[in-house]
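One letter stands for each residue in the lines below.
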Amino acid sequence: MEDRFHMLLYRASLAQRNYLRAGLSKVDGLEPGQPKLLEYLVVYGPCRQRELADYFEIDSAAVSRMLDGMEREGFVTRRIQASSRRCNRVEITEKGKQAYHVWNGHCRAMEEALLRGFSASEKEALFSYLSRIYLNFQKEKEERSCRI
């Protein structure tokens, strides 16, 4: 059994990623990295490309490339905002919403499988721990940037 935390976290993350990647075949035209953008748009509504990049902590150019493919497949539309020609407003289409619902079902099935045997309080604790881990990473990132 693996006793090093970083390896357990890595292996759990890899297993999750592999499970989810297999689900991409359920939505024709959806590519790795794109489902999270659909979910953001379903939850938060239309937004600027920059908001997506900031939220997921990824490069704006990477978001732009993902959106190019998603727009070609009809999952999203991008419109130049009248107030600022440099800002695109990204909106999910009906096809994108349908793709999200299929994808979300796959994610729910994965969550059921990985949380099998966990009590409600254990699930709540795990959620809390993972949230705290993320916040600790954010704090460390801020502290590192202040030291530079």
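All residue numbers here refer to positions counted from 1 along the written sequence of the relevant chain. Residues qualify for local features only when their pLDDT is at least 70, as the model is predicted, and side-chain atom pairs are given and counted only at 80 or more; totals for whole chains, interfaces and linings, by contrast, use all residues. The side-chain figures draw on all heavy atoms in the structure; neither hydrogens nor water molecules are used.

**Thoughts on the overall build of the protein chain**
- Numbering goes from the N terminus for both helices and strands, where a helix is a DSSP run of H or I of at least four residues and a strand is a run of E of at least two. The helix and strand inventory of the protein chain stands at 6 helices and 3 strands.
- Listing each helix as α and each strand as β along the protein chain from the N terminus yields α-α-β-α-α-β-β-α-α.
- C-alpha atoms of the protein chain, sized along the principal axes, occupy 55 × 45 × 25 Å.
- Think of it in three bands: with a 1.4 Å probe and only protein chains considered, a residue is buried below 20% of the maximum accessible area for its type, exposed above 50%, and partly exposed in between. Relative to its full complement of 148 residues, the protein chain shows a buried share of 25%.
- Of all intrachain contacts in the protein chain linking residues separated by at least 6 positions in sequence, the fraction that spans at least 24 positions is 48%.
- Neither His nor the chain ends contribute to the count of charged residues, in which Lys and Arg are positive and Asp and Glu negative. A charged residue contributes its charge at one atom only: NZ of Lys, CZ of Arg, CG of Asp or CD of Glu. For the protein chain, the separation between the mean place of its 25 positive charges and that of its 21 negative charges on side chains is 3 Å. Residue contacts are defined here by distance: any two heavy atoms, one from each residue, within 4.5 Å place the two residues in contact.

**Considerations on the pattern of salt bridges**
- A pairing counts as a salt bridge when a side-chain nitrogen of Lys or Arg comes within 4 Å of a carboxyl oxygen of Asp or Glu. Using the criterion set out here, one finds 9 salt bridges in the structure.
- Close ionic contact of Lys 141 with Glu 57 constitutes a salt bridge, the shortest N to O distance being 3.4 Å. Within this pair, whereas Lys 141 is found in helix α6 (residues 120-147), its partner Glu 57 is found in the loop between α3 (49-56) and α4 (60-72), the two being separated by 84 residues in sequence.
- On the basis of relative accessible area, Lys 141 is assigned to the partly exposed category, the value being 42%.
- The partner of Arg 108 in a salt bridge is Glu 111, with the nearest N and O atoms 2.7 Å apart.

**Notes on α4**
- Multiplying 1.5 Å by the residue count of a helix minus one yields the expected span of that helix. Compared with an ideal rise of 1.5 Å per residue, which puts 13 residues at 18 Å, α4 spans 18 Å between its outermost C-alpha atoms and is within 8% of the ideal.
- For α4, the full list of buried residues reads Ala 62, Val 63, Met 66, Leu 67, Gly 69 and Met 70. For α4, the angular spread of the buried residues around the axis is 160 degrees, confining them to a single face. Projecting away from the buried face of α4 at angles above 90 degrees are the exposed residues Arg 65 and Arg 72.
- Phi for Gly 74, located one or two positions after α4, is positive at around 85 degrees. The arc under discussion is defined with respect to the helix axis, by the directions toward the C-beta atoms.

**Thoughts on the layout of surface pockets**
- One number sums up the size of the largest pocket: a volume of about 2,300 Å³.
- Both cavities and pockets are sets of points on a 1 Å grid over the protein atoms alone; in a cavity a 1.4 Å probe fits but cannot get out, in a pocket the set is open with protein on both sides within 12 Å along at least five of seven lines, and lining residues sit with an atom within 4 Å of a point. The wall of the largest pocket is formed by 43 residues, among which Gln 16, Leu 20, Met 110, Glu 111 and Leu 130 lie closest to the centre.
- Sorting the residues of the lining of the largest pocket by element identifies α1 (5-23), α2 (34-44), α3, α5 (94-114) and α6 as the ones contributing at least two each.
- If you tally residues by element for the lining of the largest pocket, the top one is α1, at 12 residues. Grid points are joined across faces, edges and corners, and a volume is the space filled by probe spheres set on the points.

**Comments concerning the side chain of His 106**
- Inspection of the secondary structure assignment puts His 106 in helix α5.
- When residues no more than four places from it in sequence are discounted, the contact partners of His 106 are Tyr 19, Leu 20, Ala 22, Gly 23 and Lys 26.

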